[in-house]
Amino acid sequence: MANPSEAGPGLEERPPASDDEPVTEEIRQIVKDHGRLSVDPSTLAPEADLYQAGMTSHASVNVMLALEDHFDVEFPDRMLTRSVFESISSIEAAISELAPTPAQ
Amino acid sequence: MSISVDRDQAFLDGIRHVADEVASAHATSVDYEARFPAETIAALREERALSAALPTELGGGGVSFEAIAAGCFELGRRCGSSAMVFAMHQIKVITLARHLDDAPWFCDYLSSVCEEQRLVASVTSEIGTGGDMGRSIAAITPAQDGSVSFEKQAPTISYGAHADDLFVTLRRAPDSEQSDQVVAIATSGQFELEPAGTWDPLGMRGTCSPGFVLRASIAPEQVLPAPFSTVMGESIVPVTHILWSHLWLGIATDAFDRARAFVRASARAKPGETPPAALRLSHVMSDLSLLRAEVSSALSEFERANREPGRESLTTMASALRFNNLKIAASEQAPRVCQGALGVCGIMGFKNDTPYSVGRHLRDTMSACLMIANERIHSTNANLLLIAKDV
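The rules behind the values
Residues numbered from 1 in each chain as written. Chains lettered and ligands numbered in written order. Predicted model: local features only at pLDDT ≥ 70, side-chain atom pairs only at ≥ 80, totals over all residues. Helix = DSSP H or I, 4+ residues; strand = E, 2+ residues; numbered from the N terminus. Contact = placed C-beta atoms within 7 Å. Rg over C-alpha atoms; globule rule 2.2 N^0.38 Å. Buried ≥ 20, exposed ≤ 12 C-beta atoms within 10 Å, placed from the backbone. Pairing = 2+ DSSP bridges. Axes fitted to C-alpha atoms, helices over the stretch in contact; angles between N-to-C directions. Parallel < 35°, antiparallel > 145°, perpendicular 65-115°, else oblique. Left-handed = near helix turned anticlockwise from the far one by under 90°. Domains from an automatic or database assignment. Core = buried A, V, L, I, M, F, W, Y, C linked by C-beta atoms within 7 Å. Nonpolar A, V, L, I, M, F, W, Y, C, P; charged D, E, K, R; others polar. Expected span 1.5 Å × (residues − 1). Arc of directions from axis to C-beta.

### A short note on the overall build of chain A
At step 1: Helix and strand counts for chain A come out as three helices and zero strands.
At step 2: Tracing chain A from N to C terminus, the helices and strands come up as α-α-α.
At step 3: Within chain A, contacts between residues separated by at least 24 positions form 61% of all contacts whose residues are at least 6 apart in sequence.

Below, the structure written as structure tokens:
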């Protein structure tokens with residue numbers, strides 16, 4: 001579903017966690033504050049399944065609300081599916097689709 | 001096209017025959033004695049109705065979902081408990097068939113359901129999860145011999161003691177989160193059910209749904225590979241609410257029919273006068289039409305979403321809200337119609353042994369708001385409404 005070009009060049013060769021893009025860091029922080037995971041999100045790989053890490057559907061709604069507020073976007077209904085919010089990287093793809101340059 | 005229409009027609013003719021000749025004849029004793037509707041289920045097996053919804057390649061009847069829903073309605077008109085057993089079985093086998101993904105064990109299993117007309121019960125609720133089907137405590141636990149085992153405390157298993165096989169929701173592994181679930185099938189001989197509690201309820205008495213402690217040992221390939229969240233969103237939620245609401249509509253329709261027969265008999269007794277109950281009947285009819293409209297529009301919306309490639313709209317929040325609302329609306333409206341019918345028939349409806357008795361209808365439909373409690377569904381919806389837009 002995600003457009004491959006939006007994953008950005010160099011995604012694969014990037015070292016993990018600590019050198020994340022600013023947007024990824026912001027998403028991680030929101031997941032940490034609202035996702036109620038049983039593990040620290042900073043230890044998760046970008047592709048790790050957040051639901052398997054303990055995020056309930058109830059908590060995922062709070063993550064969505066916080067993402068909308070922080071990035072000043074509105075997720076349309078077609079994006080409000082479990083798969084869009086199942087990992088840090090899928091959330092990042094959704095954010096970049098809605099707000100191509102969120103950092104500026 | 002015409003083949004499937006013919007199949008649907010033949011299936012529905014068979015179901016109507018079972019409903020009118022068998023379910024109807026035993027409905028009173030099933031209710032009084034709170035016993036399993038064994039005669040109806042045996043007759044449905046004769047009709048090969050337990051595999052009607054499964055694809056013909058597996059040996060099933062290849063009947064449309066719409067026809068299965070109509071079958072729940074027809075059985076509901078004659079015996080609510082029989083209809084509920086039929087519906088719950090269909091929900092499980094339809095769900096497995098929709099998420100088969102060519103998993104060899106499950107293909108073979110569904111073939112055996114067709115061949116042997118095996119009856120499948122479900123073990124989804126669990127003590128300690130507060131009625132939330134999206135969480136499990138019991139976990140798939142690997143054993144040293146390569147099998148997996150589990151023990152689940154079930155507050156209720158409908159017709160558990162009469163089913164061949166069980167459809168069980170579980171945590172994926174002993175260290176998994178409660179929300180990380182899978183579906184597993186345990187077949188007869190692989191499980192034991194220790195009764196926990198009695199069964200003497202207000203309605204739906206023939207479903208025989210006491211609590212049990214379930215202990216099972218199965219092969220690892222008996223765990224459905226498809227992701228549980230997809231299985232839940234695309235199938236379990238909409239299919240359950242659509243089939244349940246069809247049978248509730250069936251019960252309410254029979255209550256209305258009895259009230260109409262009562263009014264007609266009163267009118268015949270005093271020709272030239274409109275009996276006072278006729279006005280009440282008109283009120284009941286508007287309640288029934290609302291129920292009918294909600295049930296039929298939900299079915300059409302599901303069919304439309306189902307035809308889309310990837311069935312993606314079934315995984316949206318708008319879809320979850322849609323089918324949750326069907327459940328809430330139908331479960332509240334069906335007993336309202338039955339109570340209205342009771343108001344029309346008066347004491348003749350209140351007595352249990354007249355042609356106008358609607359007590360069983362009222363009691364059976366009063367179970368609807370408890371089957372996945374409406375307040376739980378409202379709280380799920382309230383949360384989804386915080387973010388969903390076009391609902």
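The structure having been displayed, the exposition proceeds.
### Topic: the overall build of chain B
At step 1: Of the regular secondary structure elements, chain B holds eleven helices and seven strands.
At step 2: Taken against the 2.2 N^0.38 rule, which gives 21 Å for 391 residues, the C-alpha radius of gyration of chain B at 21 Å falls within 12% of a compact globule.
At step 3: Counting only C-alpha atoms and orienting by the principal axes, one finds that chain B spans roughly 80 × 50 × 45 Å.
At step 4: The buried share among the 391 residues of chain B stands at 50%.
At step 5: Restricting the contact set of chain B to residue pairs at least 6 apart, pairs at least 24 apart contribute 75%.

### Overview of the sheet that holds strand β1 (residues 120-123) of chain B
All names here are of chain B.
At step 1: Pairing in this open sheet of three strands is mixed, and the strands run β1-β4-β5 from one edge to the other. Looking at the sheet topology across the chains shown, the edges are occupied by β1 and β5 (181-186). When the angles between neighbouring strand axes are averaged without regard to direction, this sheet yields 25°.
At step 2: Taken strand by strand, helix α4 (residues 80-98) contacts β1 and β4 (165-171), and its axis lies near 85° from that of β1.

### Some remarks on the packing of α4 of chain B against helix α6 (residues 228-269) of chain B
All names here are of chain B.
At step 1: Across the interface, α4 lies against α6 with an axial gap of 9 Å and an inter-helix angle of 160°. Judged on the interaxial angle alone, α6 and α4 are roughly antiparallel. Crossing geometry of α4 relative to α6 is assigned as right-handed. Contacts between α4 and α6 involve Gly80, Ala83, Met84, Ala87, Gln90, Ile91, Ile94, Thr95 and Arg98 from the former and Val231, Glu234, Ser235, Ile236, Val239, Thr240, Leu243, Trp244, Leu247, Gly250 and Ile251 from the latter.

### Comments concerning the domain arrangement of chain B
All names here are of chain B.
At step 1: Assigned domains of chain B: these are domain 1 (2-118), domain 2 (121-222) and domain 3 (228-385).
At step 2: Tallying the contact residues gives 16 residues for domain 1 and 18 residues for domain 2.
At step 3: Those elements that place two or more of their residues in the side of domain 1 that touches domain 2 are α1 (2-33), α4 and α5 (104-116).
At step 4: Broken down by element, the side of domain 1 that touches domain 2 gets its largest block of residues, seven residues, from α4.

### Considerations on the nonpolar core
Nonpolar side chains in soluble globular proteins generally cluster together in the buried interior.
At step 1: Within the largest apolar cluster, 143 residues are counted, with the highest numbers of intra-cluster contacts made by Leu247, Ala252 and Ala341 of chain B.
At step 2: Top contributing element to this core by residue count: α6 of chain B, with 19 residues.

### Quick notes on the pairing of strand β7 (residues 211-218) of chain B
Residue and element names in this part refer to chain B.
At step 1: Pairing analysis gives seven bridges linking strand β3 (residues 148-154) to β7, with the strands arranged antiparallel. Each bridged residue has a counterpart across the sheet, and for Ser149 the counterpart in β7 is Ser217.
At step 2: The pairing of strand β6 (residues 191-196) with β7 spans six bridges and is antiparallel. Considered in β7, the bridge of Leu193 is made with Leu214.

### Digging into the interface of chain A and chain B
At step 1: Taken together, the 16 residues of chain A in the interface contact 17 residues of chain B.
At step 2: Among the residues forming the side of chain A that touches chain B, the class breakdown is six nonpolar, seven polar and three charged.

### A short note on α5 of chain B
Residues and elements named next belong to chain B.
At step 1: Taking 1.5 Å of rise per residue, the 13 residues of α5 would be expected to cover 18 Å, and the 18 Å separating its terminal C-alpha atoms lies within 8% of that figure.
At step 2: Taken together, the buried positions of α5 are occupied by Phe106, Tyr109, Leu110, Val113 and Cys114. One side of α5 holds all its buried residues, which, seen down the axis, span an arc of 145°. For α5, the exposed residues set more than 90 degrees away from the buried face come down to Pro104, Asp108 and Glu116.

### As for the environment of Val237 of chain B
At step 1: Position of Val237 of chain B relative to the elements: it lies in helix α6.
At step 2: If sequence neighbours within four positions are ignored, Val237 of chain B has contacts with Met232, Ala320 and Phe323 of chain B.

### Looking at the sheet that holds β7 of chain B
At step 1: The four strands are arranged β2-β3-β7-β6 (chain B) in an open sheet whose pairing can be described as antiparallel. Each end of this open sheet is capped by a strand with a single partner; those strands are β2 (141-142) and β6 of chain B.

### As for the packing of helix α8 (residues 317-345) of chain B against helix α11 (residues 374-385) of chain B
All names here are of chain B.
At step 1: The contact between α8 and α11 brings their axes to 10 Å, and the two run at 150°. Looking at the two axes, α8 sits roughly antiparallel to α11. Where α8 crosses over α11, the handedness of that crossing is left-handed. Taken together, the residues of α11 that come into contact with α8 (itself represented by Met317, Ala320, Leu321, Asn324, Lys327, Ile328 and Ser331) are Asn374, Ile377, His378, Thr380, Asn381 and Leu384.
At step 2: Its residues assigned to classes, the contact of α8 with α11 comprises six nonpolar, six polar and one charged.

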